[in-house]
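Structural characterization, general
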Amino acid sequence: QKEVEQNSGPLSVPEGAIASLNCTYSDRGSQSFFWYRQYSGKSPELIMFIYSNGDKEDGRFTAQLNKASQYVSLLIRDSQPSDSATYLCAVREGNRDDKIIFGKGTRLHILP
Amino acid sequence: GAVVSQHPSRVICKSGTSVKIECRSLDFQATTMFWYRQFPKKSLMLMATSNEGSKATYEQGVEKDKFLINHASLTLSTLTVTSAHPEDSSFYICSAEQGPKETQYFGPGTRLLVL
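This text gives an overview of the structure that appears in the document. (Residues numbered from 1 in each chain as written. Chains lettered and ligands numbered in written order. Predicted model: local features only at pLDDT ≥ 70, side-chain atom pairs only at ≥ 80, totals over all residues. Heavy atoms only, no water.)

Remarks on the sheet that holds strand E1 (residues 4-7) of chain B
Residue and element names in this part refer to chain B. As summarised here, the arrangement of the four strands in space is E1-E3-E8-E7, forming an open sheet in which the pairing is antiparallel. Only two strands of the sheet have a single neighbouring strand rather than two, namely E1 and strand E7 (67-73). Looking at each pair of strands side by side, their axes are set apart by 15° on average, direction ignored. Two strands pair when backbone bridges link them, and E7 and strand E8 (residues 76-81) are joined in this way by five bridges, in the antiparallel orientation. Across the sheet, Phe-67 pairs through a bridge with Val-81, a residue of E8. (Pairing = 2+ DSSP bridges. Helix = DSSP H or I, 4+ residues; strand = E, 2+ residues; numbered from the N terminus. Axes fitted to C-alpha atoms, helices over the stretch in contact; angles between N-to-C directions.)

A short note on the sheet that holds strand E3 (residues 19-25) of chain A
Residues and elements named next belong to chain A. With respect to topology, five strands assemble into an open sheet ordered E1-E3-E8-E7-E6, the strand pairing being antiparallel. At either margin of the open sheet sits one strand with a lone partner, and together these are strand E1 (4-5) and strand E6 (54-58). By the bridge criterion, five bridges tie E6 to strand E7 (residues 61-66) in an arrangement that is antiparallel. The partner of Lys-56 across the bridge, within E7, is Ala-63.

A look at the environment of Arg-92 of chain A
Looking at the secondary structure, you find Arg-92 of chain A in strand E9 (residues 85-93). Residue Arg-92 of chain A is classed as buried on the basis of its relative accessible area, which comes to 1%. When the C-alpha positions of Arg-92 of chain A and Asp-27 of chain A are compared, they lie 9.2 Å apart, and in sequence the two are 65 residues distant. Polar contacts involving the side chain of Arg-92 of chain A include one to the side chain of Glu-97 of chain B, which spans 2.8 Å. (Buried < 20%, exposed > 50% of the residue type's maximum accessible area, 1.4 Å probe, protein only. Polar contact = N/O pair within 3.5 Å; in protein donor to acceptor, adjacent residues only side chain to side chain.)

Such coordinate-based values are descriptive only and should not be taken to indicate function.
Next comes the structure, spelled out in structure tokens:
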């Protein structure tokens, strides 16, 4: 059974600090990795995707991928109250027909 | 990013009626669309995968005769909840991708309340 694991939280972070969200996956053949943000009562929205080992930065967000450790993370710098949401990690294997598997999400709460 | 729309955004219906939800990819052709269901404070649950022109693939435990999926074109998929009951009340979300290995984009969701 292919799995994507996330700590459910809530993760509480003071405003202005760095929020670190972590995700592990079971299938070593996974190739594509995504982070989605879901506000309460809304549908998920894509924040970032990453395919290669290392860091990928986009504004205040940095995705980090370590395929050897089967670990992907999302860092949010200068956290704002508007970042309070559930963050979903998603993983797709390398095969053509494989669907994206979502983690259950981590609830992030930024403390004003 | 790509835009996916859903209609209606909210529907209230009586028990026993059928409800159709539309999912459209507005600025790209979606070879595959997905239907999810999410109960309050619960995880996203994949119901089925829909490929244009072929039958949908349903996840284990999802009744194909109750949740009818049609993907007639590369920009439109529909989910029909047949003979809806109160336990079908949920947040239904579709997503679409342009092709294999592409990013998946979500629609805004449809909130269904069955009385």
